[in-house]
Amino acid sequence: MGTKEIKSFIEKIELFKGLNESELQLIADHFEDKSYPVNSIIFEENQPRRHFFVVYSGEIELFKTGDNGQKHSLAIFGRSDFFGEGSLMDDSPHSTSARVKKEAQLLLLNRDVFSQNGDLAIKVFSNIARVISRRMRQANAHMLNSAAQYESGRTRKEHDLLGYREVPDEYYYGIQTLRAMENFNISGVTLNFFPDLIESLAIVKMAAAKANYDLGLLEKPVANAIIQACRELMNGRFHYHFTVDMIQGGAGTSTNMNANEVIANRALEIMGYEKGDYEHCHPNNHVNLSQSTNDAYPTAIKLALIKSDGKLIAVLKELIEAFYAKAKAFAHVIKMGRTQLQDAVPMTLGQSFEAYAITLEEEVERLQQNSRLFLEVNMGATAIGTGINSDPDYCGKVIHHLREISGMEIVRAKNLVEATSDTGAFVMYSSAIKRLSIKLSKICNDLRLLSSGPRAGLNEINLPPMQPGSSIMPGKVNPVIPEVVNQIAFKVIGNDLTVAQAAHAGQLELNVMEPVIVQSIFESTEMLKNGMDVLNHKCIQGITANEKRCREMVENSIGLVTALNPLLGYEACSSLAREALETGKSVYNLVLERDLLTKEALDEALKPENMIGPKKMGR
């Protein structure tokens, strides 16, 4: 690619706004043109920064690797997007990794160009500072976005039912989203905290656009632009523009309009028009065609929860495997089992951890079973289930496209009027995640008890020390990871109550309380996913056993007398237990003193290894 072509390309990029012709040419002369095949790595975390990148063609995925080795996608960069701008300012290593998603042609720039051009450096670095400021705000919203990078102060005038307002020109949302931001500053948790929800809204809008095009209701250029805008949202772009609070009045209308406005304005750009030029693509007339909030919003929620459930189950399965690994490692460790916090009978520490694995394994099926309820949607119902303002063939076509785009076995609800007002699937799923949280909390209670001490408690296991435990008591280390999972469980249980209250608060043909149902379930799943991941990697995998301590408590326990029941009878064993408790003598010595069994028979009966499972009994 020649420098003339490069100059023509980069002068449209915001990072180089304000540069004169000679400055643009100077930078263009220093750009290196390079092609990358699919799946190639451009740079990795902790590698030194060497270049600033501009995407000429193709797609680049920016991702970060978590503590567990999982890769978390942050953004997809396309034509005219740029990344790695920090390399122009300092020597710090990359904090993320980048790989090629679609065969790409990139322009690479080394910061040496600025060393002899102070005025040029000041202009570009000033722009970079604004980019970094914007992207930091996006990071706080749990999403990095490559599209809306500047606030210039320029606005555009939009109108709705209530009048006219000035909307910042850089934003893809419109007047109705602006009003919702002003009305619902409630939780501080906005739609862009949950990428699955935004991507599912895009799937719904794409399916609707395809169905409307099939029916001849949308012209091809408009349909294609809407579809492309939706595809970009599905790839992680423009999420920062979903700014409405998760808790809102209006039964989700603000969420639906936020999606309609972002998609419409991006579609306008794709077609070569200015944002807000709604004559050519209108949020309601085109993007929301054949839809109502009352079918598009719950359908998107259900798709998002199916996606979210898959991620939750993946983390749960990893935790289950960690418990199974510990069960195997602790299979030989004899310990005392307890009921009602009193000594019961011996068991192995491995049996305890296997029980944890199995009880959580049951929840995988429960979650899958309940998430399948979300496959039934009311898309095509429009306002109340009658399908008003939609074509008779629209419902079947939009369901077909939903299945095709999402890859899910989505089906039309049997009765759209019933489905529009019913929130039973949300109640069932919320109950399932509450059940999981209760089991997790019980396990964490056990871990805290078993690790209590270290001198004055049970001290059968050691949890990994994660932080100093006290500001006043030196040496104290607390079980902070199980404690935080306990607290997550309390929140999930409370959220389930919120879901139940909201579900029965619905009236007539619509439940207007769906936003708080949505917020509660998404908060619960996100907290559980993060909590289980932390529990696995910062606690369970690092647990060790105090084998000597476990065995000593078994050998000194009065509970051993239970093993003598078949040989001596309940009354004699009760007497032995009472005397052992009163005198401090061991059960073993008391049996020999009373000449109740021979030493050989007693030794065999009281082997802890013989008491951790069933065995044949004589008469």
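Before reading further, recall that the structure is shown in the block above.
Just so it is clear, the model here is predicted, and its values are computed rather than measured.

Undergrad: What am I meant to see in the side chain of His94 here?
TA: Within the secondary structure, His94 sits in the loop between strand S5 (82–83) and strand S6 (97–109). Those residues in contact with His94 that lie beyond four places of it in its chain are Phe43, Glu44, Glu45, Asn46, Gln47, Pro48, Arg49 and Arg50.

Undergrad: Before we go on, may I ask you to explain the pattern of salt bridges in this structure?
TA: Side chains that carry opposite charge are capable of pairing whenever their charged atoms lie near each other. The full count for this structure, using the stated rule, is 30 salt bridges. The residue Arg156 makes a salt bridge to Glu158 at a minimum N-O spacing of 2.8 Å. With a relative accessible area of 7%, Arg156 lands in the buried category. A salt bridge links Glu555 to Arg551; the nearest nitrogen and oxygen atoms lie 3.3 Å apart. Linking Glu555 with Arg551, this pair stays in helix H16 (residues 547–555), spanning four residues, or about one helical turn. Overall, the relative accessible area of 30% leaves Arg551 in the partly exposed class. What emerges from the salt-bridge pattern is a single network uniting Asp81, Glu232, Arg237, Arg266, Glu269 and Lys275.

Undergrad: Is there a simple way to think about the side chain of Ser352 in this case?
TA: Turning to its location among the elements, Ser352 is positioned in helix H10 (residues 349–371). Residue Ser352 is classed as buried on the basis of its relative accessible area of 10%. For Ser352, the contacting residues outside a window of four places in its chain are Lys335 and Met347.

Undergrad: What's the story with the state of the cysteines in this structure? I'm lost.
TA: Here a disulfide denotes a covalent bond joining the sulfur atom of one cysteine to the sulfur atom of another. Taken as a whole, this structure holds zero disulfides when the rule is applied. Sulfur of Cys281: no disulfide; nearest cysteine sulfur belongs to Cys230 and is 9.6 Å away. Taking the relative accessible area as the measure of exposure, Cys281 reaches 0% and is therefore buried. We note that Cys539 lacks a disulfide partner, and the nearest cysteine sulfur, in Cys444, lies 6.9 Å from it.

Undergrad: Just checking my understanding: could you explain the packing of aromatic side chains for this structure?
TA: Describing an aromatic ring pair means giving the distance of the ring centres and the angle of the ring planes. Taken as a whole and assessed by the stated rule, the structure comprises 15 aromatic pairs. When the ring of Phe52 is compared with that of Phe82, the centres are 6.0 Å apart and the planes differ by 50°; the resulting orientation is tilted. One end of the pair, Phe52, is in strand S3 (residues 52–65); the other, Phe82, is in strand S5, with 30 residues separating them in the sequence. Of the two residues, Phe52 and Phe82, both sit in the buried class.

Thresholds applied
- Residues numbered from 1 in each chain as written.
- Predicted model: local features only at pLDDT ≥ 70, side-chain atom pairs only at ≥ 80, totals over all residues.
- Heavy atoms only, no water.
- Helix = DSSP H or I, 4+ residues; strand = E, 2+ residues; numbered from the N terminus.
- Contact = heavy atoms within 4.5 Å.
- Salt bridge = Lys/Arg side-chain N within 4 Å of Asp/Glu carboxyl O.
- Buried < 20%, exposed > 50% of the residue type's maximum accessible area, 1.4 Å probe, protein only.
- Disulfide = S-S within 2.5 Å.
- Phe/Tyr/Trp six-rings, centres within 6.5 Å; stacked < 30°, edge-to-face > 60°.

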